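Reading the structure
These are the residues of each chain, in order.
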Amino acid sequence: MTKSTGITWAAASARRLERQFLARRARTGTPVADVAAAMLGVHAQVLSAAELSVGLRADGVTRTDVRDALWPTAPLAPPAPAPALVKTHGPRGTVHLLPARDLPMWCAALPAIPAGPAAFPTGVRLTGEQAGQVVAAIADALDGTFLTVDELGEEVVARTGPWAGDLVMPAFRTMWPRWRQVLHRAGQCGALSFGPNRGRRVTYTRPPRFTPLPPEEASRLLVRRYLYAYGPATPQHFARWLAAPPGWAKAHYAELAAAGEIEEVRFEGAPAWVAAGDTAFPDAPERDELLRGVRLLPYFDAYVVAAQPRELLFPGAAYRRALAGGQAGNFPVLLVDGVAAGVWHQRRRGRRTTVTVEPLARLTARQERELADCVERVGAVLEAAAELVIGEVTVGAHA
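What comes next is a walk through the structure. (Residues numbered from 1 in each chain as written. Predicted model: local features only at pLDDT ≥ 70, side-chain atom pairs only at ≥ 80, totals over all residues. Heavy atoms only, no water.)

Here's the deal with the overall build of the protein chain
When helices and strands are tallied, the protein chain shows 16 helices and 18 strands. On C-alpha atoms alone, the protein chain measures out to a radius of gyration of 22 Å, which is about the 21 Å that the 2.2 N^0.38 rule sets for 399 residues. In terms of overall dimensions, the protein chain has a C-alpha envelope of 65 × 55 × 45 Å along the principal axes. Relative to its full complement of 399 residues, the protein chain shows a buried share of 51%. At a minimum sequence separation of 6, the contacts of the protein chain that also span at least 24 residues come to 64%. (Helix = DSSP H or I, 4+ residues; strand = E, 2+ residues; numbered from the N terminus. Rg over C-alpha atoms; globule rule 2.2 N^0.38 Å. Buried < 20%, exposed > 50% of the residue type's maximum accessible area, 1.4 Å probe, protein only. Contact = heavy atoms within 4.5 Å.)

Observations regarding the packing of aromatic side chains
Think of a pair of aromatic rings as described by two things: how far the centres are apart, and how the planes are tilted against each other in angle. The tally for this structure, following the rule as stated, stands at eleven aromatic pairs. For the pair Phe238 and Trp248, a centre-to-centre distance of 6.3 Å together with 20° between the ring planes defines the contact as stacked. Within this pair, whereas Phe238 is found in helix α10 (residues 235-242), its partner Trp248 is found in helix α11 (residues 246-258), the two being separated by ten residues in sequence. Linked through ring pairs, Trp106, Tyr226, Tyr230, Phe238, Trp241, Trp248, Tyr253 and Trp273 together constitute an aromatic cluster. The ring of Phe281 is capped by Arg15, whose NZ or CZ atom sits 3.8 Å from the centre of that ring. Seen from the ring of Phe194, Lys87 lies directly overhead, with NZ or CZ sitting 5.1 Å from the centre. (Phe/Tyr/Trp six-rings, centres within 6.5 Å; stacked < 30°, edge-to-face > 60°. Lys NZ or Arg CZ within 6 Å of the ring centre and 35° of its normal.)

What about the packing of helix α3 (residues 47-55) against helix α4 (residues 63-70)?
Put simply, α3 and α4 touch, their axes get as near as 9 Å, and they point 105° apart. Classed by the angle they form, the pair α3 and α4 counts as roughly perpendicular. Across the interface between the two elements, Leu47, Glu51 and Val54 from α3 touch Arg63, Val66, Arg67 and Leu70 from α4. Taken together, the residues of the contact of α3 with α4 sort by class into four nonpolar, no polar and three charged. (Axes fitted to C-alpha atoms, helices over the stretch in contact; angles between N-to-C directions. Parallel < 35°, antiparallel > 145°, perpendicular 65-115°, else oblique. Nonpolar A, V, L, I, M, F, W, Y, C, P; charged D, E, K, R; others polar.)

Thoughts on the pairing of strand β18 (residues 385-390)
Where strand β17 (residues 352-359) lies against β18, six bridges are found, and the strand directions are parallel. Pairing of Arg352 across the sheet is with Ala385, part of β18. Remark: the β17/helix α16 (residues 365-382)/β18 crossover connection has right-handed handedness. (Pairing = 2+ DSSP bridges. Right-handed = clockwise from strand over helix to strand, strands pointing away.)

Here you go:
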């Protein structure tokens, strides 16, 4: 490691891969919550993809381990074990797996982000007072139980009033009740998390009780954690990752810089930021060793979503093939030596899964062997026998 204020893409990528357990997997026995914390949350719109994101970073971890961390099996005698992971609404309002121990930070920092333009007209949207009533009603209704969205709606209306159940929200060729406008806000505030499915129906519950950090402290901590995982990064990168207003992020960085909590460096010749004192980056040959290799990352993996600049992570043809209109995560990605170099898709049938990988350039014999090992690991995480097919991926981008 060397200390530098002139940081290259290769050096930054090598450090990010190491800190993300992508250069070296976490050792057997590492808690899955530690892996999720290093990623700053695991995108879980597709739960099997979230299971892969964690399992591919840790030796011996399977989807069962991830689910046990989310919904531990109750013992014969109380008290029930607390979950290590919570499935809830995280960055960008999207569904994430977050370590339960980090909820005091997330559930104070996320609500402090300024809201964008109102998504609904005046006659449809909740007032600030009504939104607060609904979030409180959700927390109360979910305490100690698991409810489907319809069951939760009945409880919310009973605790607030008929106005909460008015069918005013256009959604998927139907109309949703007014209270559902703040479902993601309830998750970000710590009033709601996802429970295990009841058949094909989603359930919700209340996460373990905690005391949120003061909002300013939580926001400062989130920036430092982000820069540790994904720095060097600009305020614009941070804003994009959070879906936050760029002006707010810029002002936030300026405050942290004035307080000496972050410091400016040169990254690929342009100004960027790291956490104060965190200026050591690997140099050759350590850098090259950390970068070298073939890796498979699933849908919406935190690394491809958060690592910036995106045009360097997705060079040349990868920018056109592995992104959806510039949006990262919509395709599972093949990384070769630290950059996107193809896409892949897995199709499961019973206890078997076929993994089709489409490289954008010919792989060497060594890289093909590494790819076969990666596919075997995908199967182990998903608890299935995996078969590798190298060829065109015909499945389009995930919505």
